[in-house]
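Single-letter residue listing:
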Amino acid sequence: MPARSAAVAASFPIPRCSQMAANSSFSLYPECPPMGLETLKIDDFQLHASTTKRYGLGAHRGRLNIQAGLYEDDLYDGAWCAGRDDPLQWFEVDARRLTKFTGVITQGRSSLWSSDWVTSYKVMVSNDSHTWITLKNGSEDLIFSGNREKEIPVRNIFPVPVIGRYIRVNPRSWFNSGNICMRVEILGCPMPDPNNYYHRRNEVITTDNLDFRHHSYKEMRQLMKVVNEMCPNITRIYNIGKSHSGLKLYAIEISDNPGEHEAGEPEFRYTAGAHGNEVLGRELLLLLMQFMCQEYLSGNPRIRHLVEETRIHLLPSVNPDGYEKAFEVGSELSGWSLGRWSNDGIDIHHNFPDLDSILWEAEAKKWIPRKMFNHHVPIPEWYLSKNASVAVETRALIAWMEKMPFVLGGNLQGGELVVTFPYDKTRTQGVSREPTPTPDDHVFRWLAFSYASTHRLMTDASQRVCHTEAFAKEDGTINGASWHTAAGSMNDFSYLHTNCFELSMYVGCDKFPHESELPEEWENNRESLLVFMEQVHRGIRGVVRDLQGRGIANAIISVEGIGHDIRTAADGDYWRLLNPGEYRVTARAEGYSFAIKKCEVGYEMGATRCDFVIGRTNLSRIKEIMEKFNKQPIRLPVRQLQARRSRARRLGT
């Protein structure tokens, strides 16, 4: 697209560096990682600009991949935009210590309504913010090629690294129908400085010996194999199906009896990568499986208890096709959406049937419980047809969710710092956001808080917002529909179609953090990942049996005052997540009488045992006998019938 330069810039020639040196990763020198504009390691006070159009377009908004609010109000716009469009404008980063700068990454403005981006720029460095040195191409100022549209990031590597404390990006030309607007990331390595208190105070170091890097599909599969070989007695690798391009969707099971459902033992799942470009969750699950294997072998009592009392499933890459697209481009360059969707263009996380509307319509017609249950809502026929717009990955997930008696699950996503819980769809039609609680709202809020409160950053009120929402002020959690309505989410489907309570963990502002950030991100999330798994043991559990002691599958467990039931698994065992308190619980099954118990849930970890024994009803026995004889009158043997007749005659005489 054509670009314009101010008249001042047109009065002298503009020398440009070669494409190889400026707009690629080619360099004779090692490339430094991002300094952290996107990940918020660089705080707002380190960002400055020559002028600003308004506060919402200030320097603090000039961060790579930052997203504007829907209405682009005065507080949360999608870039730094200069107050004037001339070549005297600049965007500045204060590294707060001497830094070796090796490159710059730029984007245009995130906006539904505006088209603004910079097409070329200079770079300057300084040690004191007063005297500036411009990067040179020989004797002339070096001009870097910028963006050609507003979303795809462009990386420019300096021919030679430069050292300074401050770095400025000075736009020289910009899209002819727009303004000077930029989102930026700086590549830089801090120089050694043992006296720099600020850096030491904010440094996060992990002591875990794990494989902190991004893994391709083949590398992921190999890592899972290594974990399995290290811990063969507690792990099992399996796949739940294939992606659109034929890649297997691998999961690893961690349990003291892998491959078996043990009666009385709850099943838990973590999934990640439904949006293929949100890769942090994928790597966190790969780190988690390594960590649990190592800690189990070393005798860590907490991990041993989790493994021995829980059947854990980790599915690190729901959308491997999308991930491979983002991985090929690399961190910082995949933008906000490359690889998000499946190969056939479907958002997997929101590709499930909209059971919310089916349930709410049934409630409005007063069909519950007479014509329809308040749980295990069936999938509509149209969704099951081959012509429905359903990703193969979604179908594989549904089959997996129906097969395993999961109790609790979390899907790891990226781009924010918050935990969301159902419902994800607003009950009022046409409303984009409103609180829409489930009957288990108190339980969901506790589950969400258990993750957020143990995360290093989610509940830190001083933490800068990732984009537009200050979730930390709300304890790092939010009802999904209160954030933005979304029909057909995995969370709502799991709650309404199965026994599993599912939540979404948005584990970092940066969807695809640089490899160097992974140790810190692991430290941010490690305790949360473990604490949330432990919540599967909160509430009541037990077995529903008949009078002969046999487990009854598909029995309904109801809790008085909560309009959502769950069902027993194949062995008659069940798990019902509940907060501390005393509950009146009913167990019933088709053809059986019902039983009621008072079950008390304490504050200590560990579900309260609450078993039930229920007998067959007389009506069910009669029906069973009738079906046994094909619904015909019972015919007695001839001798027995003759004896009855003769006995009747004697009595009659």
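Residues numbered from 1 in each chain as written. Predicted model: local features only at pLDDT ≥ 70, side-chain atom pairs only at ≥ 80, totals over all residues. Heavy atoms only, no water.

*Asks:* Looking at this structure, how should I read the pattern of salt bridges?
*Replies:* Oppositely charged side chains may form a pair once their charged atoms are brought near each other. Tallying each qualifying case throughout the model produces 39 salt bridges. The partner of Glu560 in a salt bridge is Arg584, with the nearest N and O atoms 3.3 Å apart. You can see Glu560 sitting in the loop between strand 21 (556–559) and strand 22 (562–567) and its partner Arg584 sitting in strand 24 (residues 581–588), a full 24 residues away along the chain. Linked through salt bridges whose partners overlap, the residues forming this network are Arg54, Asp77, Arg109 and Asp116. (Salt bridge = Lys/Arg side-chain N within 4 Å of Asp/Glu carboxyl O. Helix = DSSP H or I, 4+ residues; strand = E, 2+ residues; numbered from the N terminus.)

*Asks:* Before we go on, may I ask you to explain the pairing of strand 22 in this structure?
*Replies:* Residues in a regular strand point their side chains to alternate faces of the sheet. Burial within strand 22 is extensive, with 5 of its 6 residues counted as buried. Bridge count between strand 21 and strand 22: 3 bridges; the pairing is antiparallel. Across the sheet, the residue bridging to Val559 is Ile562, located in strand 22. (Buried < 20%, exposed > 50% of the residue type's maximum accessible area, 1.4 Å probe, protein only. Pairing = 2+ DSSP bridges.)

*Asks:* What's the story with the packing of aromatic side chains in this structure? I'm lost.
*Replies:* Any pair of aromatic rings gets described here by the distance separating the centres and the angle formed by the planes. Overall, the coordinates contain 23 aromatic pairs when judged by the stated rule. Seen in terms of ring centroids, Tyr323 and Phe327 are 5.5 Å apart; in terms of plane orientation they differ by 25 degrees. Their pairing is stacked. Linking Tyr323 with Phe327, this pair stays in helix 6 (residues 320–329), spanning 4 residues, or about one helical turn. Overall, Tyr323 belongs to the buried group, its relative accessible area being 1%. Judged by its relative accessible area of 27%, Phe327 is partly exposed. (Phe/Tyr/Trp six-rings, centres within 6.5 Å; stacked < 30°, edge-to-face > 60°.)

*Asks:* How should I be thinking about the sheet that holds strand 19 (residues 501–508) in this particular structure?
*Replies:* Within a sheet, each strand pairs with its neighbour through backbone hydrogen bonds, oriented either parallel or antiparallel. An order of 12-13-15-14-16-19-17-18 is seen for the 8 strands of this open sheet, with the pairing classed as mixed. Each edge of the sheet is formed by a strand with only one pairing partner; in this case those strands are strand 12 (235–242) and strand 18 (477–479). Pairwise comparison of adjacent strand axes, ignoring direction, gives a mean angle of 20 degrees for this sheet. The sheet contacts of helix 9 (residues 392–403) involve strand 12, strand 13 (248–254), strand 14 (267–272), strand 15 (311–315) and strand 16 (406–413), and relative to strand 12 the element is tilted by about 130 degrees. (Axes fitted to C-alpha atoms, helices over the stretch in contact; angles between N-to-C directions. Contact = heavy atoms within 4.5 Å.)

*Asks:* I'm lost on the environment of Lys150 in this one. Help?
*Replies:* You can see Lys150 is positioned in the loop between strand 9 (144–145) and strand 10 (154–175). Each C-alpha atom of the pair Lys150 and Met182 lies 8.8 Å from the other, and the pair is 32 residues apart in sequence. When neighbours within four sequence positions are excluded, Lys150 is seen to be in contact with Gln107, Gly108, Arg109, Ser111, Ser114, Ser115, Asp116, Trp117 and Arg183. Only 2.8 Å separates the side chain of Lys150 from the backbone oxygen of Ser111, close enough to count as a polar contact. (Polar contact = N/O pair within 3.5 Å; in protein donor to acceptor, adjacent residues only side chain to side chain.)

*Asks:* So what exactly am I meant to see when it comes to the sheet that holds strand 25 (residues 595–601) here?
*Replies:* The 4 strands are arranged 22-21-24-25 in an open sheet whose pairing can be described as antiparallel. Because the sheet does not close on itself, it has two edges, and the strands there are strand 22 and strand 25. Here the strands of the sheet are splayed against their neighbours by 30 degrees on average, with no regard to which way each runs.

*Asks:* What should I look at first to understand helix 6 in this one?
*Replies:* Three- or four-residue spacings in an α-helix give side chains the same orientation, since the helix completes a turn every 3.6 residues. Turning to helix 6, its buried residues number three or more, namely Pro320, Asp321, Gly322, Tyr323 and Ala326. Looking at the buried residues of helix 6, the elements they touch are helix 3 (217–230), strand 13, helix 4 (280–297) and helix 9. Once helix 6 ends, the next one or two residues include Gly330, with phi positive near 105 degrees.

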